[in-house]
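# Breakdown of the fold
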Amino acid sequence: QVQLVESGGGLVQAGGSLRLSCAASGSIFSITAMGWHRQAPGKQRELVALIASGGRTNYADSVKGRFTISRDNAKNTVYLQMNSLKPEDTAVYYCRLITGSGNSWGQGTQVTVSS
């Protein structure tokens, strides 16, 4: 059983910053990658950023240059630093853990960017 606990969401004005954190605990073996997805009302869940165990990162085009994903392997924690936030970044952000056994998801944290 894997638990993912997210924190750091909230309300921010356009142009502001937020930092999301996701700590993984439980029966974790062979982490392949950790990352973040988001889902806005009426839209499908989409990839925001992923970081592989070796450190390689992958970003959605819409967030490149504004968001930075990082990871503390010792703490099984992944972070998402979000700068220059835009109203279209408003969504529920979900942490994702990918292992050899499959995927685990966090409960989601709301990010709201006001114009």
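Residues numbered from 1 in each chain as written. Predicted model: local features only at pLDDT ≥ 70, side-chain atom pairs only at ≥ 80, totals over all residues. Heavy atoms only, no water.

### Quick look at the sheet that holds strand β1 (residues 2–7)
What links the strands of a sheet is backbone hydrogen bonding, and the strands pair in either a parallel or an antiparallel sense. Here four strands make up an open sheet; going across it, the order is β1-β3-β8-β7 and the pairing antiparallel. Looking at which strands have only one partner, the edges of the open sheet turn out to be β1 and β7 (67–72). Neighbour-to-neighbour, the strand axes of this sheet turn through a mean angle of 15°, independent of strand direction. Sheet topology places β1 next to strand β3 (residues 18–26); six bridges connect them, and they run antiparallel. (Pairing = 2+ DSSP bridges. Helix = DSSP H or I, 4+ residues; strand = E, 2+ residues; numbered from the N terminus. Axes fitted to C-alpha atoms, helices over the stretch in contact; angles between N-to-C directions.)

### Here's the deal with the side chain of Thr-109
Here Thr-109 lies in strand β11 (residues 109–114). Taking relative accessible area as the criterion, Thr-109 reaches 12% and is therefore assigned buried. A polar contact of 3.4 Å, which involves the side chain of Thr-109, links it to the backbone nitrogen of Gly-9. (Buried < 20%, exposed > 50% of the residue type's maximum accessible area, 1.4 Å probe, protein only. Polar contact = N/O pair within 3.5 Å; in protein donor to acceptor, adjacent residues only side chain to side chain.)

### Thoughts on the pairing of strand β5 (residues 46–52)
Relative to β5, strand β4 (residues 31–39) is paired through six bridges, and the arrangement is antiparallel. Note on β5: the bridge partner recorded for Ala-33 is Ala-52. Hairpin connection from β4 to β5: six residues lie between these consecutive antiparallel strands, with Gly-42 at a positive phi of about 80°. The sheet contact formed by β5 and strand β6 (residues 57–59) spans three bridges and is antiparallel. Opposite Ile-51, over in β6, you have Thr-57 as the bridge partner.

### With respect to the packing of aromatic side chains
Under the defined criterion, the tally for this structure stands at zero aromatic pairs. The positively charged end of Arg-19 is found above the aromatic ring belonging to Tyr-79, 4.1 Å away from the centroid. Positioned above the aromatic ring of Tyr-94, the side-chain terminus of Arg-45 is 3.7 Å from the ring centre. (Phe/Tyr/Trp six-rings, centres within 6.5 Å; stacked < 30°, edge-to-face > 60°. Lys NZ or Arg CZ within 6 Å of the ring centre and 35° of its normal.)

Take it as geometry only, folks, not as evidence of what the structure does.
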